[in-house]
Amino acid sequence: MAEKNEDQPVPEKEEDEFQLRRRRIAQVFMQAYGKDLKNIDPKRLEELQRRREMGETETEPGSPYNIQTVLWILGSFAVLYYTDLIPAIKEDHRIYRTWLYLGLILMAVHISIGSYLIIFLSWIKKNSDWEKASPMAIPLATGTFVFGAICLNIAIWPVYGFLTPLMMFTLFMGFVVTVSLLPNI
């Protein structure tokens, strides 16, 4: 196999690829740090570079008040109103009560963990690093939610059939966007 001689000129195609890569890197750099780099403070540039490497962004989070939020909340109310879900859960004999109670208990645990993280840790203790303060909270909340959702779907399936997962998903999304409207203290 012939080795490449460093004295030989680089073919045009490789130069074009090199220039293309260089241009792409420059575009990403300009998007990240702005076009006017002559007037930027070197310390500010180092800080921006450090943040970019850590994955932090300078943009403020978007407002939770948007059309999708309103539509999910309205969809949840529509599901509750038009399907008569609450009266069905109270009175319908086809509901599997054991699965219903187990699902409700698991969802209560899930909501309790979320309340602990949001209200106690974030608002009262002013600690935003949940994983360090309580490393098992998020995996436990995820597990209780998944199993609780499965139990609730099994419990309500005899009444609503194939609409059950759609109804549960709409109610879940309505709950999530409602929680996102809570003030960030």
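What counts, and at which threshold
Positions within a chain are numbered from 1, following the residues in the order the chain's sequence is written. For a predicted model such as this one, the threshold for reporting local features is a pLDDT of at least 70, and the threshold for listing and counting side-chain atom pairs is 80 or more; totals across whole chains, interfaces and linings nevertheless cover every residue. The basis for every side-chain value is the complete set of heavy atoms in the structure, and neither hydrogens nor water enter the calculation. For the purposes of this section, nonpolar cores are sets of buried Ala, Val, Leu, Ile, Met, Phe, Trp, Tyr and Cys residues that join through side-chain atoms within 4.5 Å. When a residue's accessible area, from a 1.4 Å probe over protein chains only, is under 20% of the maximum for its type it is buried; when over 50% it is exposed; and in between it is partly exposed. Under the DSSP-based scheme used, a helix requires at least four consecutive residues in state H or I and a strand at least two consecutive residues in state E, with every element numbered from the N terminus. A contact between two residues is defined here by any heavy atoms of the two lying within 4.5 Å. Residues enter a patch when their relative accessible area is above 30% and they make no salt bridge; the linking distance is 9 Å between like charges and 5 Å between nonpolar side chains (Val, Leu, Ile, Met, Phe, Trp, Tyr). Each accessible area is a Shrake-Rupley result for a 1.4 Å probe, and residues are judged covered by the shown protein chains and nothing else. Criterion for a salt bridge: a side-chain nitrogen of Lys or Arg within 4 Å of a carboxyl oxygen of Asp or Glu. By definition here, a helix of n residues has an expected span of 1.5 Å times n minus one.

Per an unreviewed UniProt entry, the chain carries the name Transmembrane protein 128-like and comes from Acanthaster planci.

The next thing to look at is the nonpolar core. Of all hydrophobic cores here, the largest spans 15 residues; its most connected members are L85, I156, Y160 and M168. Elements with a minimum of two residues in this core: α4 (85-91), α5 (97-124), α7 (137-160) and α8 (163-180). Setting aside chain neighbours within four positions, we find Y160 in contact with T83, D84, L85, A88 and M167. If you look at the next biggest cluster of nonpolar residues, it comprises 5 residues, including I113, L121, A137 and A141.

Another point: a nonpolar patch on the surface. On the surface, Y96, W99, L102, V146, F147, I150 and I154 cluster together into a nonpolar patch covering about 640 Å² of accessible area. Every element with two or more residues in the nonpolar patch is listed here: α5 and α7. Of the residues forming the nonpolar patch, the biggest block, 4 residues, is contributed by α7. You can see L102 is positioned in helix α5.

Turning to α5, a few remarks are in order. When the terminal C-alpha atoms of α5 are compared, their 37 Å separation across 28 residues agrees well with the 40 Å that a helix rising 1.5 Å per residue should span. Three or more residues of α5 are buried, namely L100, G103, L106, M107, I113, L117, L121 and S122.

Let us look at the pattern of salt bridges. One pass over the full model with this rule turns up 1 salt bridge. Across the pair D92 and R94 runs a salt bridge, and its minimum N-O distance is 2.8 Å. Here D92 falls in the buried class, since its relative accessible area comes to 15%. Relative accessible area serves as the criterion here: at 40%, R94 is assigned to the partly exposed category.

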